[in-house]
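Examining the three-dimensional arrangement
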Amino acid sequence: MKLPGIPKIPASEITPRELFYQRRHFMQLALGGSTALLASAAFSGEKLASSLSEAYGLTDKLTPLEDVSQYNNFYEFDTSKEGPAKMAGRLKTRPWTVSVEGEVRKPKQFAIEDLLKLAPMQERIYRLRCVEAWSMVIPWLGYPLAELLKQVEPTSDARYVEFVSLHDPEQMPGQRRAVLEWPYREGLRIDEAMHPLALLTFGLYGEVLPNQNGAPVRMVVPWKYGFKSAKSIVKIRLLKQQPTTSWMQAGPSEYGFYANVNPAVDHPRWSQAKERRLGEFLKRPTLPFNGYAEQVAGLYAGMDLTKNF
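Treat the numbers as computed from the prediction; the structure is a model and nothing was measured.

Another point: the environment of Asp-168. With respect to the secondary-structure elements, Asp-168 resides in the loop between β6 (160-165) and β7 (185-189). Considering only alpha carbons, one finds Asp-168 and Trp-182, 14 residues apart in sequence, at a separation of 9.3 Å.

Structural data, given as structure tokens:
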């Protein structure tokens, strides 16, 4: 499917993978052997076969793999940005299953091996905008969530989709702290979940997801703030009623259900008008819907986005 308004990134501007790994190896040697060991434990290097989707290209410069894999929000492991990469090596991603249930005609439990071959894997370059006003540009690997949902045949009562992440304090020591109510829960409206931009994601930079980036399967919803893209998913529920998500429960005046990237609606504690792209010194203006307005604005026609934040 060709989407208008998203120019494809020229092949000449994509950094060759071998150069990225040369840089990564050099950085590991410069920072010491313990860092190299840590990086190898948290990033397996297992390849994922995929095709580059020309319909989802960007002219934006890609964020280096080092930053993508070492600067993360994943409170299940740690609340610092560097902590998840240090702690995530203990997460076992095999065996792994994802159950899809609720308002569906064919509820089913999928092994991760079945999910990996359910639909053709695509490499898509998306912007990622955190609610904390920093951003990245990442080549993700996955396929539209709609491909999975079609397998279970949603009923006419399925109006929302809830994602539930793994709850296992032994593997995820951050869950021993009451930062949020565990397990982590997120949600989308059914039309958002079925939109072709909503990506069920298994990898980045041509390889399986590092544990700290949400292995073995996560969502990437590029027009919303990053916390909407649930990580390490074990359950997907289709519901009649709008679910209460983890951040809505923790801070209802700060984190709404929709969480669309909107530079005109500030977070109560900081402006959302600009963002800091990792690797850049100056801030840049934030784009409505993170630059995907042409594709998704119609989903919210007639809605007051200052109230439905």
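This part covers the pairing of strand β3 (residues 108-111). Two elements, strand β2 (residues 97-102) and β3, share four bridges in a ladder whose sense is antiparallel. Looking at β3, one finds that Thr-97 is bridged to Ala-111. Here β2 folds back onto β3 in antiparallel fashion, the turn holding five residues.

Moving on: the layout of surface pockets. The calculated volume of the largest pocket comes to roughly 500 Å³. Around the largest pocket, the lining is made up of 28 residues, and of these Asn-73, Phe-74, Gly-226, Phe-227 and Lys-231 lie nearest the centre. Sort the elements by how many residues they give to the lining of the largest pocket and strand β5 (residues 134-144) lands first, with four residues.

A few words now on the sheet that holds β2. Across the sheet, five strands lie side by side as β3-β2-β11-β6-β7; this open sheet has mixed pairing. Both edges of this open sheet fall to β3 and β7, since each of them pairs with a single strand only. Across this sheet, the average inter-strand angle for adjacent strands is 20°, counted without regard to direction. Strands in contact with helix α6 (residues 145-152) are β2, β3, β6 and β11 (233-239); relative to β11, the strand with the most contacts, it is inclined by about 65°.

So, on to the packing of aromatic side chains. The description of two aromatic rings rests on the distance between their centres and on the angle between their planes. Overall, the coordinates contain 12 aromatic pairs when judged by the stated rule. With a centroid separation of 5.5 Å and an interplanar angle of 85°, the aromatic rings of Phe-227 and Tyr-255 are classed as edge-to-face. Pair noted here: Phe-227 is in the loop between β10 (218-220) and β11 and Tyr-255 is in the loop between α8 (246-250) and β12 (274-277), with a separation of 28 residues, a long-range link. Here Phe-227 matches Tyr-255 in class, with each residue buried. Where Trp-247 meets Tyr-255, the ring centres are 5.0 Å apart and the plane angle is 55°; that geometry is what we call tilted.

Moving on to the pattern of salt bridges. Enumeration over the complete set of coordinates arrives at 16 salt bridges. Where Arg-94 meets Glu-113, a salt bridge forms, and the shortest distance between an N and an O atom there is 3.7 Å. Taken together, the residues span a long stretch of sequence, with Arg-94 in the loop between α4 (83-87) and β2 and Glu-113 in helix α5 (residues 112-116) at a distance of 19 residues. Among the residues examined, Glu-113 registers a relative accessible area of 43% and is labelled partly exposed. The shortest N-O distance in the salt bridge between Lys-224 and Glu-192 comes to 2.7 Å. With Lys-224 in the loop between β10 and β11 and Glu-192 in helix α7 (residues 190-193), this residue pair connects regions lying 32 residues apart in the sequence. Through salt bridges with shared partners, one network takes in Asp-60, Arg-127, Arg-129, Glu-275 and Arg-277.

Conventions and cut-offs
- Residues numbered from 1 in each chain as written.
- Predicted model: local features only at pLDDT ≥ 70, side-chain atom pairs only at ≥ 80, totals over all residues.
- Heavy atoms only, no water.
- Helix = DSSP H or I, 4+ residues; strand = E, 2+ residues; numbered from the N terminus.
- Pairing = 2+ DSSP bridges.
- 1 Å grid on protein atoms, 1.4 Å probe; cavity = no way out; pocket = protein on both sides within 12 Å on 5 of 7 lines; lining within 4 Å.
- Points joined across faces, edges and corners; volume = space filled by probe spheres on them.
- Axes fitted to C-alpha atoms, helices over the stretch in contact; angles between N-to-C directions.
- Contact = heavy atoms within 4.5 Å.
- Phe/Tyr/Trp six-rings, centres within 6.5 Å; stacked < 30°, edge-to-face > 60°.
- Buried < 20%, exposed > 50% of the residue type's maximum accessible area, 1.4 Å probe, protein only.
- Salt bridge = Lys/Arg side-chain N within 4 Å of Asp/Glu carboxyl O.

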